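# Inside the fold
Spelled out from the first residue to the last, the chains are:
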Protein chains: 2
Amino acid sequence: MSTFTSKDVARLAGVSQSTVSYVMSGKRPISDETRRRVLDAIDRLTYEPNAGARALASQRTTVVGLVVPFGVGVDTTGLLPFIETIAGVARTRDHDVLLVTADEGSAGIRRLAGRSLCDAIILMDLQTVDDRLAVAANVRTPVILIGVPADPHGMHCVDLDFAEAARLAVGELAATGHDRLALIGHPADIVHRDLNYVRRFADAARAAADAHGLPLEVIAPVEWGREAARGAAARLAAIEARRLGVVVPASNTVQPLLHALNARGLVPGRDLSVIGLLTDAAAAEAEPPVTNVSLEPRDVSRRAMETLFRLLEDRTAPPRIDLITPKLTRRQTVLPGP
Amino acid sequence: MSTFTSKDVARLAGVSQSTVSYVMSGKRPISDETRRRVLDAIDRLTYEPNAGARALASQRTTVVGLVVPFGVGVDTTGLLPFIETIAGVARTRDHDVLLVTADEGSAGIRRLAGRSLCDAIILMDLQTVDDRLAVAANVRTPVILIGVPADPHGMHCVDLDFAEAARLAVGELAATGHDRLALIGHPADIVHRDLNYVRRFADAARAAADAHGLPLEVIAPVEWGREAARGAAARLAAIEARRLGVVVPASNTVQPLLHALNARGLVPGRDLSVIGLLTDAAAAEAEPPVTNVSLEPRDVSRRAMETLFRLLEDRTAPPRIDLITPKLTRRQTVLPGP
DNA sequence: TTGAAAGCGTTACCAC
DNA sequence: GTGGTAACGCTTTCAA
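In the annotation of an unreviewed UniProt entry, the entry for chain A reads LacI family DNA-binding transcriptional regulator, and the organism field reads Cryptosporangium japonicum.

Right, here's the structure in full:
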């Protein structure tokens, strides 16, 4: 499979190289006859334009850079739907996705932009205050943030509305007559990295609990895994309440916690209530199916990509904070209202 | 943040453009003094070489193409460790990863190779007989397969040794005195797509059972999810055996099956045995911790990348089939030997 | 040890 | 509606 250039196509079609280019890009009217012959030649040679040359000449790569939280010692559960959706949308717009690991820090962003490796960048897993933001904001390549940092530096942000998520959870527990709430903290590494959504959720939960006149206790950071879940269950068991409502914002602590509660004879949905923040798929497959506020990684990603392509077409689009509204689905872990 | 070229660096350092290039590549001896001045200039301009231009001139992209099974309606659980490891290794070798979704089929491979988007391709999620192989084998860009198809078309293959995995599982159940075995089939979509490892595992399991003189029953394809697991549990409950050993090769049916068995009062590790094929991490976090044969996605990926870079350095390296040996870890779901 | 200059394969401007 | 040609920014051969 030897590789042909647009020159070969031009020769075979009996036209100039520029005509070949214009046929492919559609940036100039071409007679039907010429187009036919060029397309035919392209077909016969299975010609593919060289990406490097094209990028060099056109200043466009048709590549989206995606900075993923790999190698920063962070739990990557739940990341796949983001990557999958971003790659899918990119493809429908004839773009590819270049993966950059977050362990490079700002250097990765500088490289992506400086070397013109992509036309736009998606940056996720943001800390509330994140070193990379200053770099990202000063780069020629447009950057979309998934997450809402304290200061977005004028960049576009897309994320789940974590505050609304907290309000939904607390509201549901209030409506079903709970007299006491517990909020399970995120694992220490998450808290320590001060990921932006942790705060957004916790603050709103506290505010909502206040608004409903409900006492809310924060069960300090719970680690991943079975042991930690047991500890948390023990602390929950010690809480004195008529109807206790537990809110669990870290998706992958939900299942272990349900188990640990069960093991203590505390059945969620019978003896106390649990609402988790996790995707509908995960909530439905949990044991038992857990009442949840949805995480919607696909919607968030889709929206981020829409913003990205809008920005690529119109660089003047005003920056905005775009929040996806989660929804609550009642399953089996919340006590029915009195 | 305006962007500089190597010409700017050359001017600032008072050398020629080619010298800048040679300083960066190390392909020619440079005097210390010159090198210092060039590096200094690079630093002061925060110069980054343009990737397109570099690729065009050098015929090298420092990009690895990764074809992932997105958008083909296949379950992507367990994919993340592959992507993560591949991206990580790529970075240590100064390469980036370009993600291509499998829904493009052979077209994706043709595009990757034809446009010179990458230096090498990793193809995963192979069917036993896969359309894409013929294309992949005839492309200028070297292709590494993760998986072992019926005919590798001369390409390098890396994968877990699924046959050995089956032998380990069956051997353990034989050694612990089981008199009857059941093999849970993969979900229909997996079987239907005829993914290469399904067959490799099942055939070896059958052979091993024969060798141990144990009857092995295949519980026909079980779908994902709670309901399907219940059905499988019912069928297992109906099997007459003194000591029944169950082998579950589809990682994400393990946990639902454990639940379903428990719900029927059949406690794995007490009333019957279950060995799953899943990562050690997943096995340890399962409820209860499940005796497992490890999947080792990271080792497989790492090995694939080693092969890839070896191939990039020496295109004559003979193709080989490189199988990673799984290991068995005893946890709580296998009856102790008699 | 260094420099000059010829490509690499496109795109897009300027002519016609 | 089409062709010629100058960029694009780098690598690498050829010369010195």
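We now examine the nonpolar core. What tends to happen in soluble globular proteins is that the nonpolar side chains get buried as a cluster. If you look at the biggest cluster of nonpolar residues, it comprises 102 residues, and the most contacted ones within it are A:Ile122 and B:Ile122. In terms of nonpolar packing, the next biggest core, distinct from the first, is built from 40 residues, A:Val63, A:Ala102, B:Val135 and B:Cys157 among them.

What follows covers the protein's contact with DNA strand C. Taken together, 28 residues lie around DNA strand C, and A:Ser6, A:Gln17, B:Thr19, B:Arg28 and B:Thr34 are the ones closest in. Of all atoms in DNA strand C that approach within 4 Å of the protein, 55% are sugar or phosphate atoms. Within the side chain of A:Tyr47, one N or O atom sits 2.9 Å away from a phosphate oxygen of DNA strand C. One of the side-chain N or O atoms of B:Arg28 is found 2.3 Å from a base oxygen in DNA strand C. Of all the secondary structure elements, the ones that give two or more residues to the surface near DNA strand C are α2 (17–25) and α4 (51–58) of chain A together with α2 (17–25) and α4 (51–58) of chain B. When residues of the surface near DNA strand C are assigned to their parent elements, the largest contribution, five residues, is made by α4(A). Its residues placed into classes, the surface near DNA strand C shows 11 nonpolar, 12 polar and five charged.

The 12 strands are arranged β11(A)-β5(A)-β4(A)-β3(A)-β1(A)-β2(A)-β2(B)-β1(B)-β3(B)-β4(B)-β5(B)-β11(B) in an open sheet whose pairing can be described as mixed. Two strands lie at the open edges of the sheet, namely β11 (321–324) of chain A together with β11 (321–324) of chain B, each paired on one side alone. Going across the sheet, the axis of each strand differs from the next one's by a mean of 20°, ignoring polarity. Pairing geometry for strand β1 (residues 63–68) of chain A and strand β2 (residues 96–101) of chain A, over six bridges, is parallel. In the strand pairing of β2(A), A:Leu66 is matched with A:Leu99.

Taken residue by residue, the interface counts 46 residues in chain B and 46 residues in chain A. Here chain B packs against chain A, burying approximately 4,300 Å² in sum over the two surfaces, 57% of which is carbon and sulfur. For the interface between chain B and chain A, the tally reads eight salt bridges. Put simply, B:Glu48 and A:Arg115 hold a salt bridge, and the shortest N to O gap is 3.0 Å. Scanning the region where chain B abuts chain A turns up 20 residue pairs in polar contact (both at pLDDT 80 or more). For the side of chain B that touches chain A, the elements supplying multiple residues, two or more each, are α4, α5 (80–92), β2 (96–101), α6 (106–114) and α13 (280–285) of chain B. For the side of chain B that touches chain A, the residue count by class is 20 nonpolar, 13 polar and 13 charged. Bridge count between β2(A) and β2(B): three bridges; the pairing is antiparallel. In the sheet register, A:Leu98 faces β2(B), and the bridge partner there is B:Leu98.

This paragraph deals with the pairing of strand β9 (residues 273–277) of chain A. Consecutive residues of a regular strand have side chains that alternate between opposite faces of the sheet. Residue and element names in this part refer to chain A. Counted residue by residue, β9 has five buried out of five residues, so it is predominantly covered. Every second residue of β9 is oriented toward a common face, with Ser273, Ile275 and Leu277 on one face and Val274 and Gly276 on the other, all of them buried. Inspection of the sheet shows strand β8 (residues 244–248) paired to β9 by four bridges, in the parallel sense. Across the sheet, the residue bridging to Val248 is Gly276, located in β9. Chirality of the crossover, the property in question, places the unit of β8, helix α12 (residues 251–263) and β9 among those that are right-handed. For the crossover that starts at β9, traverses helix α13 (residues 280–285) and ends in the parallel strand β10 (residues 292–293), the hand is right-handed.

With that settled, consider the protein's contact with DNA strand D. Of all residues adjacent to DNA strand D, which total 28 residues, the nearest are A:Thr19, A:Arg28, A:Thr34, B:Ser6 and B:Tyr22. When atoms of DNA strand D within 4 Å of the protein are sorted by moiety, sugar and phosphate together comprise 55%. Within the contact set of DNA strand D, a phosphate oxygen lies 2.4 Å away from a side-chain nitrogen or oxygen of A:Thr34. In this structure, a phosphate oxygen belonging to DNA strand D sits 2.5 Å away from a main-chain N or O atom of B:Ser6. Elements supplying a minimum of two residues to the surface near DNA strand D: α2 and α4 of chain A together with α2 and α4 of chain B. For the surface near DNA strand D, the element with the highest residue contribution is α4(B), accounting for five residues.

Reading the values: the criteria
Residues numbered from 1 in each chain as written. Chains lettered and ligands numbered in written order. Predicted model: local features only at pLDDT ≥ 70, side-chain atom pairs only at ≥ 80, totals over all residues. Heavy atoms only, no water. Core = buried A, V, L, I, M, F, W, Y, C linked by side-chain atoms within 4.5 Å. Buried < 20%, exposed > 50% of the residue type's maximum accessible area, 1.4 Å probe, protein only. Near = heavy atom within 4 Å. Polar contact = N/O pair within 3.5 Å; in protein donor to acceptor, adjacent residues only side chain to side chain. Helix = DSSP H or I, 4+ residues; strand = E, 2+ residues; numbered from the N terminus. Nonpolar A, V, L, I, M, F, W, Y, C, P; charged D, E, K, R; others polar. Pairing = 2+ DSSP bridges. Axes fitted to C-alpha atoms, helices over the stretch in contact; angles between N-to-C directions. Contact = heavy atoms within 4.5 Å. Buried area = accessible area lost by both parts, 1.4 Å probe. Salt bridge = Lys/Arg side-chain N within 4 Å of Asp/Glu carboxyl O. Right-handed = clockwise from strand over helix to strand, strands pointing away.

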